[in-house]
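Listed here are the chains, written in short residue letters.
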Amino acid sequence: MDQTSIQTSDGEAATANTLKYMPGFGNDFETESLPGALPQGQNSPQKCNYGLYAEQLSGSPFTAPRGTNERSWLYRIRPSVRHTRRFSNASYPLWKTAPSFDEHSLPLGQLRWDPIPAPSEKLTFLEGVRTITTAGDATTQVGMSAHAYVFNEDMVDDYFFNADGELLIVPQLGAIRVFTEMGIMDVEPLEICLIPRGMMFKILKGGEQTVWRGYICENYGAKFTLPDRGPIGANCLANPRDFKTPVAAFEDKETPCRVHVKWCGKFYVTDIGHSPLDVVAWHGNYAPFKYDLRTFSPVGAIRFDHPDPSIFSVLTAPTEDAGTANVDFVIFPPRWLVAEHTFRPPWYHRNIMSEFMGLIHGQYDAKEEGFVPGGMSLHNMMLPHGPDALAFEKASNTELKPVKLDHTMAFMFETRYPQQLTKYAAELETLQDNYLECWDGLERKFDGTPGIK
Ligand SMILES: [Fe+2]
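Residues numbered from 1 in each chain as written. Predicted model: local features only at pLDDT ≥ 70, side-chain atom pairs only at ≥ 80, totals over all residues. Heavy atoms only, no water.

The name an unreviewed UniProt entry assigns to the protein chain is Homogentisate 1,2-dioxygenase, from the organism Rhizobium leguminosarum. The UniProt entry for the protein chain carries the following comment under Function (unreviewed entry): "Involved in the catabolism of homogentisate (2,5-dihydroxyphenylacetate or 2,5-OH-PhAc), a central intermediate in the degradation of phenylalanine and tyrosine. Catalyzes the oxidative ring cleavage of the aromatic ring of homogentisate to yield maleylacetoacetate." Heading Cofactor (unreviewed entry) of the UniProt record for the protein chain holds this comment: "Fe cation". (UniProt positions renumbered as here; feature names shortened; annotations may be inferred.)

Quick look at the structure:
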């Protein structure tokens, strides 16, 4: 862990136990890590306390409607113009950005992978991002990409911001410490965090182990927000108070540092002489947050049939077409299955949306075998999928008493745009050759005579 002087609102060195968060989704927050650092009654005083510089970070156009208007005011040791100098070209060839049509020879199909291999070399988070799919076009702020990450080194003097979209990080193995311009978040498996577009950050290891692994949804489109609940009403699903935004924290470091940028799919790097994480106080509603997936209150069938998986949407990034998401983040959490005279797992289907899935832990109810924690699956636009033969037989013949589906957490990045497979994913050694065989046992039962078969 980086031991550089870190100030939090307590004036103490930050440790996992002292990190503090502010509850609420999209709130207008205010926080300061030194007393009096945050101006009161105005945004841009003639001179700021402590000699800080005032700076606005806009996540929406200035003129966006009030409901989607997002900006924060940052009070920092240096303005951001001092956090970049002349850029050099840089390369992270496994991090792809849409539009990207990698050359590979893998034909269309339903795909599934075991976890990506642990690295044999030292890798930071930034070096460990491996793109699996891209969709849409980052230059028009449309679409998303699905990445896996694996790393085993702290980003100590390396910092990154992504101009192409926000990053929704889903740790699967190992807790991570996310040190952003606006505060520090400790995020463990079964939690997620979101880093807004353009926000400087670095990621450090949490806990003791040899490899840290997870998934990322890079959202090029409108920001993730909470889905409307419709007739569900004012409660359940992801509740706003369970989203946690960090209090202000800064790193007072005057030593050589590197700032890396991804901008329209290209990487650049610049050398500076200090940490860019120098925001002493801030206020506003453009901010990172974390969320504990265990606080999601699922709503589902309490009589019969299986609702659409959208009932489990945690966050949605909308498009101009109502109900047609740029990307939804959906989870499949522990829950009771109580439906009568019902095939309880997800049904067989084809979908205009494209579905990238991961498994954080446990077992997913539509697959009896082969989909392992850390693994991934891709069911692209209009490709059929559903329970494997074993899951079908089990669910078709089980006694329908109430059952607790427990010790499980799968998720889906579901986008309206077809997902283009990267060469890395197409040639990944953990791609399962035999995935399609999971449906082989679904034999014809129809013989023209009526009756339950
Ligand atoms: Fe599906």
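What follows picks up the thread again.
Let's shift gears to helix 1 (residues 389-397). Buried within helix 1 are the following residues: Ala389, Ala391, Phe392 and Ala395. Seen along its axis, helix 1 keeps its buried residues to an arc of 160°; they face one direction. Summarising the geometry of helix 1, the exposed residues directed more than 90 degrees from the buried face are Lys394 and Asn397. (Buried < 20%, exposed > 50% of the residue type's maximum accessible area, 1.4 Å probe, protein only. Helix = DSSP H or I, 4+ residues; strand = E, 2+ residues; numbered from the N terminus. Arc of directions from axis to C-beta.)

Moving on, we get to the coordination of the iron ion. Within the protein, the iron ion binds to His349 (NE2), Glu355 (OE), Glu355 (OE) and His385 (NE2); these donor distances fall in the range 2.1 to 2.3 Å. Around the iron ion, the four donor atoms are arranged such that angles at the metal cover 59 to 154°; this shape is classified as irregular. Sequence positions of the donors to the iron ion reduce to the motif H-x5-E-x29-H. Just as His349 is buried, Glu355 falls in that class too. (Donors = N, O, S within 2.8 Å, 3.2 Å for Na, K, Ca; no water. Tetrahedral: all angles 85-135°; square planar, octahedral: opposite > 155°, others 65-115°.)

Another point: the pattern of salt bridges. In the structure shown here, the tally under the stated rule is 24 salt bridges. The salt bridge involving Lys96 is made with Asp102; its shortest N-O contact spans 3.7 Å. Taking relative accessible area as the criterion, Lys96 reaches 26% and is therefore assigned partly exposed. Linked through salt bridges whose partners overlap, the residues forming this network are Glu55, Arg76, Glu181 and Asp278. (Salt bridge = Lys/Arg side-chain N within 4 Å of Asp/Glu carboxyl O.)

A word on the nonpolar core. Membership of the largest hydrophobic core comes to 57 residues, with the highest contact counts inside it found for Trp113, Leu315, Phe329 and Phe413. Residue assignment places this core across two domains, with domain 1 (4-293) and domain 2 (295-439) each supplying three or more. Membership of the second largest hydrophobic core comes to 34 residues, among which are Leu57, Phe151, Phe201 and Phe267. (Core = buried A, V, L, I, M, F, W, Y, C linked by side-chain atoms within 4.5 Å. Domains from an automatic or database assignment.)

For the rest of this paragraph, the subject is the domain arrangement of the protein chain. Looking at the assigned domains, one finds that the protein chain contains domain 1 (4-293) and domain 2 (295-439). In this structure, domain 1 and domain 2 have C-alpha centres spaced 27 Å apart. At the interface, 59 residues of domain 1 touch 57 residues of domain 2. Regarding the contact of domain 1 and domain 2, the summed buried area is about 5,400 Å², with carbon and sulfur atoms giving 69% of it. Between the two partners, domain 1 and domain 2, sit zero salt bridges. Summed over the shared surface of domain 1 and domain 2, the number is 27 residue pairs in polar contact (both at pLDDT 80 or more). Elements with a contribution of two residues or more to the side of domain 1 that touches domain 2: strand 7 (111-113), strand 8 (129-137), strand 9 (142-151), strand 11 (166-173), strand 16 (212-219) and strand 22 (289-292). (Contact = heavy atoms within 4.5 Å. Buried area = accessible area lost by both parts, 1.4 Å probe. Polar contact = N/O pair within 3.5 Å; in protein donor to acceptor, adjacent residues only side chain to side chain.)

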